[in-house]
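The chain contents come next:
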Amino acid sequence: MPLTHEARYQDACERYQERSVDPEAALEHLACVPISIHCWQADDVGGFEHPDAALSSGGIQVTGNHPGKARTLAELQEDLDEVLRLVPGRHRLNLHAIYGDFSGKPADRDAIGPQHFTAWMDWAAERKLGLDFNATLFSHPLAADGYTLSHQDASVRAFWVNHVQRCREIGAQMGLRQQSPCVHNLWIPDGEKDQPVRRQERRQWLLESLDAIYAEVFPAEQLRDAVECKLFGIGSESFVVGSHEFYLAYALTRKKLLCLDMGHFHPTESIADKVSALLPFLPELLLHVSRPVRWDSDHVVLQNDELNALMQEIIRAKALGRVRLALDFFDGSINRIGAYVTGIRATQKALLAALLEPTDRLRDLEQHGDRFARLAWLDEQKTLPLADVWNEFCLRNEVPSGAAWIDEVSRYETNILNRRG
Ligand code: RNT
Ligand code: ZN
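Residues numbered from 1 in each chain as written. Chains lettered and ligands numbered in written order. Predicted model: local features only at pLDDT ≥ 70, side-chain atom pairs only at ≥ 80, totals over all residues. Heavy atoms only, no water.

A few points about the coordination of the zinc ion (ligand 2)
For step 1, the next point in the chain: Looking at the zinc ion (ligand 2), one finds its protein donor set to be Glu228 (OE), Asp261 (OD), His288 (ND1) and Asp328 (OD), positioned 2.1 Å from the metal centre.
For step 2, the next point in the chain: Here the zinc ion (ligand 2) is ringed by six donor atoms whose angles at the metal span 71 to 164 degrees, and the overall shape comes out octahedral.
For step 3, the next point in the chain: Along the chain, the residues that donate to the zinc ion (ligand 2) are spaced as E-x32-D-x26-H-x39-D. Note that Glu228 is positioned in strand β6 (residues 223-228) and Asp328 in the loop between β12 (323-327) and α10 (336-355), a separation of 100 residues in sequence.
For step 4, the next point in the chain: We classify Glu228 as buried; its relative accessible area is 3%.
For step 5, the next point in the chain: With a relative accessible area of 8%, Asp328 lands in the buried category. (Donors = N, O, S within 2.8 Å, 3.2 Å for Na, K, Ca; no water. Tetrahedral: all angles 85-135°; square planar, octahedral: opposite > 155°, others 65-115°. Helix = DSSP H or I, 4+ residues; strand = E, 2+ residues; numbered from the N terminus. Buried < 20%, exposed > 50% of the residue type's maximum accessible area, 1.4 Å probe, protein only.)

Structure, rendered in structure tokens:
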């Protein structure tokens, strides 16, 4: 007779309890952590400004043409509803400015306003989802030469300053309506393929643009501002204006959130280690959970060592209240809904694994200098029955447990995605 899930969960609980870990407490904790789900995986960062818009000129790239890409706001919402059916917990939706409701009345980036996002605000309210927001400074003629807020032409800089100001207003409206602060994140593609000589001027222009953008102050209950650094991108291999040092200094002096994207650092550089290095100085961090593979920073997230280490550091620092989790990946070569669900569930599993760590015991061993036992217990932890606790979380949240969601994604592909033209 195969064991029932109940029996397995019971057994798992006992095994964690032997290590002084309470799985029930971990599940309660996990239920309170929203993941800000990026809107841009379902349509390859296309947005709705033009009927056949494709990601362009942003130093980021989507590859693949798997059928069923969302082409309209309605299709994207349909896809997101399917995603939400397959992931446990209550989450947030992270919108980019190019995803507004522009039906019939196109608006340039410097002319968008909250009215273009009423449809999303209604949609999110019905589902009790919080919204986050991002200005879009790519896929636009005024970003085509690789510079936006640090452009040499003051009128181009002013255009983009205006855009980001409008985006912050939209974010503040969202925050007001949902009674939970909207995180507005700013990433710009500015940089160059080959060795510029005006690094200093570029960074000075960016600094001035940012100060102009943030001159308007919104209540913290409505809006939180984050800035995102990067090491390099496609076409910005030699120089990125908004580097880590630049934005770290900016966030520290201007009291902004720093956004750390897991794919924006040197390949062997640990983002996990940055959590405890930055939190003594910054009020909050925003994380872009992603998976770098060679030159790409945006592969579908998996529960790998990097992700586990990141979650462990957040939990060990008791910093969940000060670290916001957002996703950032896009893959057009596989079922896009499957990509979403894989990444969201992987993020939650890594978080659960960290919540199930016998941290008190490990601390104790460390304090007593028993480094061998600390190492051994850390590795022992990896083969404990995480899956049974995870399945319990899924069942309590009425979403498929185990691998059952994979068939659901395939069914959605047959019934919905393959019928899109
Ligand atoms: C790009 C940044 C940025 C984007 C999104 C679409 O390298 O990671 O966060 O991925 O804004
Ligand atoms: Zn990012």
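Here the narrative resumes.
Let's talk about the packing of helix α2 (residues 23-31) against α10
For step 1, the next point in the chain: Taken N-terminus to C-terminus, the directions of α2 and α10 make an angle of 140 degrees; their axes are 9 Å apart at the nearest point. One way to sum up the angle between α2 and α10 is to call them oblique. The way α2 lies across α10 gives a crossing that is right-handed. Touching Ala26, Leu27, His29 and Leu30 of α2 are Gln348, Leu351, Leu352 and Leu355, all from α10. (Axes fitted to C-alpha atoms, helices over the stretch in contact; angles between N-to-C directions. Parallel < 35°, antiparallel > 145°, perpendicular 65-115°, else oblique. Left-handed = near helix turned anticlockwise from the far one by under 90°. Contact = heavy atoms within 4.5 Å.)

Thoughts on the sheet that holds strand β1 (residues 35-38)
For step 1, the next point in the chain: Within the closed barrel, the eight strands sit side by side as β1-β2-β3-β4-β6-β8-β9-β12. Their pairing is parallel. Neighbour-to-neighbour, the strand axes of the sheet open up by a mean angle of 30 degrees, direction not taken into account.
For step 2, the next point in the chain: With five bridges joining them, strand β2 (residues 92-96) and strand β3 (residues 130-134) adopt parallel strand pairing. Its bridge partner being in β3, Leu95 is matched across the sheet by Phe133. (Pairing = 2+ DSSP bridges.)

Description of the environment of Leu285
For step 1, the next point in the chain: In this fold, Leu285 is placed in strand β9 (residues 285-289).
For step 2, the next point in the chain: By relative accessible area, Leu285 is classed as buried at 0%.
For step 3, the next point in the chain: With 29 residues separating them in the primary sequence, Leu285 and Lys256 have C-alpha atoms 8.9 Å apart.
For step 4, the next point in the chain: Setting aside its immediate chain neighbours within four residues, Leu285 contacts Leu257, Leu258, Val275, Leu278, Leu279, Arg322, Val323 and Arg324.

These results come straight from atomic positions and should not be treated as a statement about function.
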